[in-house]
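Here are the chains, one letter per residue:
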Amino acid sequence: DSLAGESMAMGERTPVALLDAPASGRMAVGEAITNLAAAPIEKLSNIRLSANWMAAAGHPGEDENLYETVKAVGMELCPALGITIPVGKDSMSMKTVWEEGSETRSMTSPLSLIITGFAPVVDVRRTLTPQLKTDAGETDLILIDLANGQNRLGGSALAQVYKQIGAVSPDVDDAEDLKAFFAVIQGLNKDGKLLAYHDRSDGGLFVTVGEMAFAGHTGISIQLDSIGVSLESNVAIISALFNEELGAVIQIKTVHHDDVFNKLSEAGLAEIS
């Protein structure tokens, strides 16, 4: 027996547009997909997207940014993923000008793409949540990193805390990795091998595992050296904990560790986990 339904998720990476507008669009799509992966969806192509575009039309550089981002998302990434964008809307007046005394002031919003993804769910009861399970015996947390360890901090919440933008933004470097990731998460969920799931997005790995621990009312222990992070370098530790690259953290039973890694290896993802 199953209980069908529908799942919906959002993705947006507006701060990244200050560094790389097309990357911000690709990351918005990628975030929506890694979020939706928690639900049992038969195949990636079942996902449909709604795209809400916002830009300051006419502002220097913004028309070009909009064109390049629409091209990157609508003509390159989504066709490579087999996903369509049947609906959307746009707001092209993201700039305001006003007078303050004898001085003219203006405020301009960076290019923004807000993606809403939706898809039919085969069985809502198998939808994964970030809540860590504490009644399943010995368990492991595994980071599946879709950025091959690049740890780019541009446009991150960490950068904003320090009133910075950063230099290099995260990006969707390989659509095939994203497709393989979605498929393997669906397979592991179907096989009952996943206890909890949380995609990595705002705040990075630190916030991801923190939210999972809060939801499960439990403490956690993480080993950054197991994902190739040098514990002798504060920069490496901070970059690993706070980058907002695509990826996810999964909780599995320790006895399933080898089987899960075999599945990741078959999908070409084990070397980036």
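Bear in mind that the values here come from a model prediction, so they are computed numbers and not experimental data.

Here we come to the overall build of the protein chain. Scanning the protein chain from N- to C-terminus turns up seven helices and nine strands. When its C-alpha atoms are laid out on the principal axes, the protein chain stretches across 70 × 50 × 30 Å. Counting every position in the protein chain, which comprises 273 residues, the buried fraction comes to 45%. Accessible area of the protein chain: about 13400 Å², with a carbon and sulfur share of 52%. Looking at the protein chain, you have 19 positive and 37 negative side-chain charges, and the mean spots of the two groups are 5 Å apart.

Moving on, we come to the sheet that holds strand β2 (residues 48-54). Strand order in the open sheet formed by four strands is β1-β6-β2-β3, and the pairing between neighbours is mixed. What marks the edges here is a single partner per strand, and that holds for β1 (5-11) and β3 (84-91). Across the sheet, the mean angle separating the axes of adjacent strands is 15° when strand polarity is ignored. Bridge analysis of β1 against strand β6 (residues 112-121) gives seven bridges, and the strand direction is antiparallel. Note that in β6 the partner of G5 across the bridge is V121. Here helix α1 (residues 21-36) sits on the sheet in contact with β1, β2 and β6, set at roughly 145° to β1. Each of β2, β3 and β6 is contacted by helix α2 (residues 62-81), which is oriented at about 175° to β2, the strand it contacts most.

Looking now at the packing of α2 against helix α4 (residues 175-190). Running from N to C, α2 and α4 point in directions that differ by 35°, and their axes come no closer than 9 Å. Our pair here, α2 against α4, has a crossing hand that is right-handed. Side by side, α2 and α4 meet where L77, A80 and L81 of the first sit next to A175, L178 and K179 of the second. By residue class, the composition of the contact of α2 with α4 is five nonpolar, no polar and one charged.

A separate point is the sheet that holds strand β8 (residues 196-199). In spatial order, the strands read β7-β9-β8; together these three strands make up an open sheet with antiparallel pairing. In the strand order of this sheet, the two ends are held by β7 (139-145) and β8, each with one partner. This sheet shows a mean twist of 15° between the axes of neighbouring strands, independent of strand direction. Sheet topology note: the β7/strand β9 (residues 247-253) ladder contains seven bridges and is antiparallel. In the sheet register, T139 faces β9, and the bridge partner there is K253. Sheet strands in contact with helix α7 (residues 257-266) are β7 and β9, and its direction is about 10° off that of β7.

Core analysis: the biggest nonpolar cluster contains 51 residues, and V29, I47, L81, F181, I185, Y197 and I250 have the highest contact counts within it. For this core, the elements supplying multiple residues, two or more each, are α1, β2, α2, β6, β7, α4, β9 and α7. Membership of the second largest hydrophobic core comes to 11 residues, among which are A196, V209, M212 and A240.

Right, let's get into the packing of α1 against α2. Relative orientation of the contacting elements α1 and α2 amounts to 40°, with a least axis distance of 7 Å. The two elements α1 and α2 cross, and the hand of that crossing is right-handed. Every residue of α2 that contacts α1 at A21, P22, G25, R26, V29 and I33 is listed here: N65, E68, T69, A72, V73, L77, C78 and L81. Residues of the contact of α1 with α2, tallied by class, amount to nine nonpolar, three polar and two charged.

The rules behind these values
- Starting afresh in each chain, residues are numbered from 1 along the sequence in its written order.
- Whole-chain, interface and lining totals are the exception, using all residues; otherwise, since this is a predicted model, local features are given only for residues with pLDDT of at least 70 and side-chain atom pairs are given and counted only at 80 or more.
- Side-chain metrics in this entry use all non-hydrogen atoms of the structure; hydrogen atoms and water are not considered.
- A helix here means a DSSP run of H or I that spans at least four residues, while a strand means a run of E at least two residues long, and both kinds are numbered starting from the N terminus.
- Partly exposed describes any residue whose relative accessible area lies between the buried limit of under 20% and the exposed limit of over 50%, with all areas from a 1.4 Å probe on protein chains only and scaled to the type maximum.
- Exposure was quantified through the Shrake-Rupley algorithm and a 1.4 Å probe, taking into account, for residues, occlusion by the shown protein chains and nothing else.
- Residues scored as positive are Lys and Arg, those scored as negative are Asp and Glu, and His as well as the terminal groups of each chain are ignored.
- To locate a charge, the coordinates of NZ of Lys, CZ of Arg, CG of Asp or CD of Glu are taken.
- When DSSP finds at least two bridges between two strands, those strands are taken to pair.
- Axis definition: a line fitted to C-alpha atoms, limited for helices to the stretch in contact. Angles are taken between N-to-C directions and run from 0 to 180 degrees.
- Two residues form a contact once any of their heavy atoms are found within 4.5 Å.
- For a crossing to be left-handed, the near helix must be turned anticlockwise from the far one by less than a right angle; the clockwise case is right-handed.
- Polar here means any residue other than Ala, Val, Leu, Ile, Met, Phe, Trp, Tyr, Cys and Pro, which are nonpolar, and Asp, Glu, Lys and Arg, which are charged; Gly is therefore polar.
- Working definition of a nonpolar core: buried Ala, Val, Leu, Ile, Met, Phe, Trp, Tyr and Cys residues. They are joined through side-chain atoms within 4.5 Å.

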